[in-house]
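# Working through the structure, step by step
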Amino acid sequence: MQLLESLFKLKEHGTTVRTEVIAGFTTFLTMAYIVLVNPLILSSTGMDLNAVFVATCLAAALGTAIMGLVANYPIALAPGMGLNAYFTFSVVKGMGLSWETALGAVFISGIVFLAVSLFKVREAIVNAIPQSLKFAISAGVGMFLAIIALKNAGVIAPHPETYLTLGDIHKPTTLLAIVGFFLIVALEYRKVPGSIIIGILTVTALSIAFGLSPFKGIVAPVPSMEPTFMKMDIAGALQAGLIGVIFVFFFVDLFDTTGTLVGVSHRAGLLDKDGKLPRLKRALMADSIAITAGAVMGTSSTTAYVESAAGTAVGGRTGLTAVVVALLFLAALWLSPLAATVPAYATAPALCYVAVLMARGLAEIEWDDLTESAPAVMTALAMPFTFSIADGIAFGFISYAVIKILAGRFADLKPAVLVIAALWVFKLAFFH
């Protein structure tokens, strides 16, 4: 007990070991779906599902443990939703690159993030990006996830003339996915811990019961990580054409992590009197180390999870909460058959629910100012309709800069925004 007190300063934060352990279990239950969803998404690139499962658990455990032990925050990390979709559907399937090259881009973005975390470049970049674009990027990634989820569920289907149309909603798998979404939302509204994982497992159980998918077991020895371990192609990722890809991995994770850290810490009362986050550098170091280590093991970028707010809501205030979450991710390593049992349409409801949460960013946009709202809408809409997070961010920055210039609002434009917009123009012109 004395060791825990000296490590995490429990009394100073007004908490106890029991409270922190309960908070850790609560946070884990709300984000445990990632050990099922992430392998399923990344395996569609050709990556070995079981190896990605192990990499997901280990990257989450490593990043979360560092966050708890070094930064002393009750924040959990895991491979990010949205970033795994970008990795799979934009980089590998969209650009036709190998998953090894995509992992190389993730690794490089982690190194860049580490460098940015060591110096004060992060503050300069974050402060330069317009608030409206930050909110729009979050919402756009949510819409991108939604269109993937609706496709996996069979709710939407391709059409030669209208591009998209309503799918066959009479299919049992599609109906199960719809029921799963309703269940998750209802459970979340009732504040039931682990609602997302309950929804996924319920749809999976019904699918097995109706003979729609096979049951592969629950517990098994930890699978080998050899198929993905150290397979990243760094040389391939350093090609000029992948600068934009590396930038998107870095950019999305930068704002995702920073926003989550500030948001969760604010709700938990952990910000200082100036509204800033103490030990921010340590927190960002945990994230950047997890990104690079995750790429080495075989998973897409790791980021801070907003679901950590569930743990702080029940009293989690220190890194002990995060350490409990990390231990639970390690325990999950023995559940690989369960991950292989879950079909894509069972995780679709979870993706749709995450999309609902991310779309809330649109409410924060200044709708009365067209020079802010128009670029934001372009950003959010371009992501799902171009099926590319990168192109959505490009549309956002370019339209923001051009509209502000044409409107004579030069004072609103920071040099960093103009530089980023110019880089996107260059990338689209010569490397698209």
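What counts and how
- Residues numbered from 1 in each chain as written.
- Predicted model: local features only at pLDDT ≥ 70, side-chain atom pairs only at ≥ 80, totals over all residues.
- Heavy atoms only, no water.
- Helix = DSSP H or I, 4+ residues; strand = E, 2+ residues; numbered from the N terminus.
- Rg over C-alpha atoms; globule rule 2.2 N^0.38 Å.
- Contact = heavy atoms within 4.5 Å.
- Areas by Shrake-Rupley, 256 points an atom, 1.4 Å probe, with all protein chains shown as cover.
- Lys, Arg positive; Asp, Glu negative; His and termini not counted.
- Charge placed at Lys NZ, Arg CZ, Asp CG, Glu CD.
- Pairing = 2+ DSSP bridges.
- Expected span 1.5 Å × (residues − 1).
- Buried < 20%, exposed > 50% of the residue type's maximum accessible area, 1.4 Å probe, protein only.
- Phe/Tyr/Trp six-rings, centres within 6.5 Å; stacked < 30°, edge-to-face > 60°.
- Core = buried A, V, L, I, M, F, W, Y, C linked by side-chain atoms within 4.5 Å.
- Salt bridge = Lys/Arg side-chain N within 4 Å of Asp/Glu carboxyl O.
- Patch = residues over 30% accessible without salt bridge, like charges linked within 9 Å, V, L, I, M, F, W, Y side chains within 5 Å.
- pLDDT = per-residue confidence, 0-100.
- Axes fitted to C-alpha atoms, helices over the stretch in contact; angles between N-to-C directions.
- Parallel < 35°, antiparallel > 145°, perpendicular 65-115°, else oblique.
- Left-handed = near helix turned anticlockwise from the far one by under 90°.

## Some words on the overall build of the chain
- Looking only at helices and strands, the chain has 20 helices and 4 strands in total.
- Whereas a compact globule of 432 residues would reach a radius of gyration of roughly 22 Å, the chain reaches 21 Å, a difference of no more than 12%.
- Expressed as lengths along the three principal axes of its C-alpha atoms, the size of the chain is roughly 60 × 60 × 45 Å.
- Expressed as a percentage of contacts within the chain between residues at least 6 apart in sequence, the contacts between residues at least 24 apart total 81%.
- Element-wise, carbon and sulfur atoms account for 69% of the exposed surface of the chain, whose accessible area totals about 18000 Å².
- In the chain, 25 positive and 24 negative side-chain charges are present, and the distance between their average locations comes to 6 Å.

## Let's talk about the pairing of strand E2 (residues 156–159)
- As judged from the 4 bridges shared by E2 and strand E3 (residues 163–166), these two strands associate in the antiparallel manner. Looking at E3, one finds that Pro 158 is bridged to Leu 164.
- The antiparallel hairpin formed by E2 and E3 contains 3 residues in its connecting segment.

## Concerning helix H13 (residues 280–297)
- End to end, H13 covers 26 Å across 18 residues, agreeing with the expected 26 Å (1.5 Å per residue, within 8%).
- In terms of burial, H13 is largely enclosed, as 14 of its 18 residues are buried.

## Notes on the packing of aromatic side chains
- Tallied over the full model, the rule gives 5 aromatic pairs.
- Between Phe 181 and Phe 182, the aromatic rings sit 6.3 Å apart at their centres with planes inclined by 50°, giving tilted as the arrangement.

## Quick notes on the nonpolar core
- One finds Tyr 33, Phe 87, Phe 329, Ile 393 and Phe 397 to be the most contacted residues of the largest nonpolar core, which totals 122 residues.
- Sort the elements by how many residues they give to this core and helix H4 (residues 49–71) lands first, with 11 residues.
- Ignoring anything within four residues of it in the chain, the contact list for Phe 87 reads Leu 42, Thr 45, Met 47, Val 92, Trp 99, Ala 102, Leu 103, Val 106, Phe 249 and Ser 300.

## Thoughts on unusual backbone geometry
- Positioned with a positive phi, Asn 72 is a non-glycine residue whose angle comes to about 55°.
- Within the element layout of this structure, Asn 72 appears in the loop between H4 and strand E1 (77–79).
- Taking relative accessible area as the criterion, Asn 72 reaches 9% and is therefore assigned buried.
- For Tyr 163, which is not glycine, the phi dihedral falls at a positive 70°.
- With respect to the helices and strands, the residue Tyr 163 is situated in strand E3.

## A closer look at the pattern of salt bridges
- All chains considered together, the criterion is met by 5 salt bridges.
- The salt bridge partner of Glu 372 is Lys 404, with a shortest N-O separation of 2.9 Å. Of this pair, Glu 372 sits in helix H18 (residues 370–385) while Lys 404 is found in helix H19 (residues 389–406), placing the two residues 32 residues apart along the sequence. An identical accessibility class is assigned to Glu 372 and Lys 404; each is buried.

## Remarks on a nonpolar patch on the surface
- A cluster of nonpolar side chains, namely Phe 215, Ile 218, Val 219, Val 222 and Trp 334, defines an oily patch on the protein surface of about 500 Å² accessible area.
- Its place among the elements puts Phe 215 in the loop between helix H10 (195–209) and helix H11 (234–237).

## Digging into the environment of Val 52
- Assignment of secondary structure puts Val 52 in helix H4.
- Between the alpha carbons of Val 52 and Ala 346 there is a distance of 18 Å; along the sequence they are 294 residues apart.
- Those residues in contact with Val 52 that sit more than four places away from it in its chain are Asn 38, Pro 39, Leu 42, Met 47, Thr 228 and Gly 298.

## As for the side chain of Thr 173
- Among the secondary structure elements, Thr 173 is positioned in helix H9 (residues 172–189).
- Overall, the relative accessible area of 17% leaves Thr 173 in the buried class.
- Not counting residues up to four positions away in its chain, the partners in contact with Thr 173 are Ala 153, Leu 212 and Tyr 345.

## Quick word on the confidence of the model for the chain
- Overall, the prediction assigns the chain a mean pLDDT of 85, with 94% of residues at 70 or greater.
- Mean pLDDT per element in the chain: helix H7 (residues 121–128) is the minimum at 66, and H9 is the maximum at 94.

## A short note on the packing of helix H8 (residues 131–153) against H18
- Closest axis-to-axis distance for the H8/H18 pair is 7 Å, and the angle between their directions is 25°. Between H8 and H18, the crossing angle belongs to the class labelled roughly parallel. As for how H8 packs across H18, the hand of that crossing is right-handed. Note on element contacts: H18 touches H8 through Glu 372, Pro 375, Ala 376, Thr 379, Ala 380, Met 383 and Pro 384, opposite Ser 132, Leu 133, Ala 136, Ile 137, Gly 140, Val 141, Met 143, Phe 144 and Ile 147.

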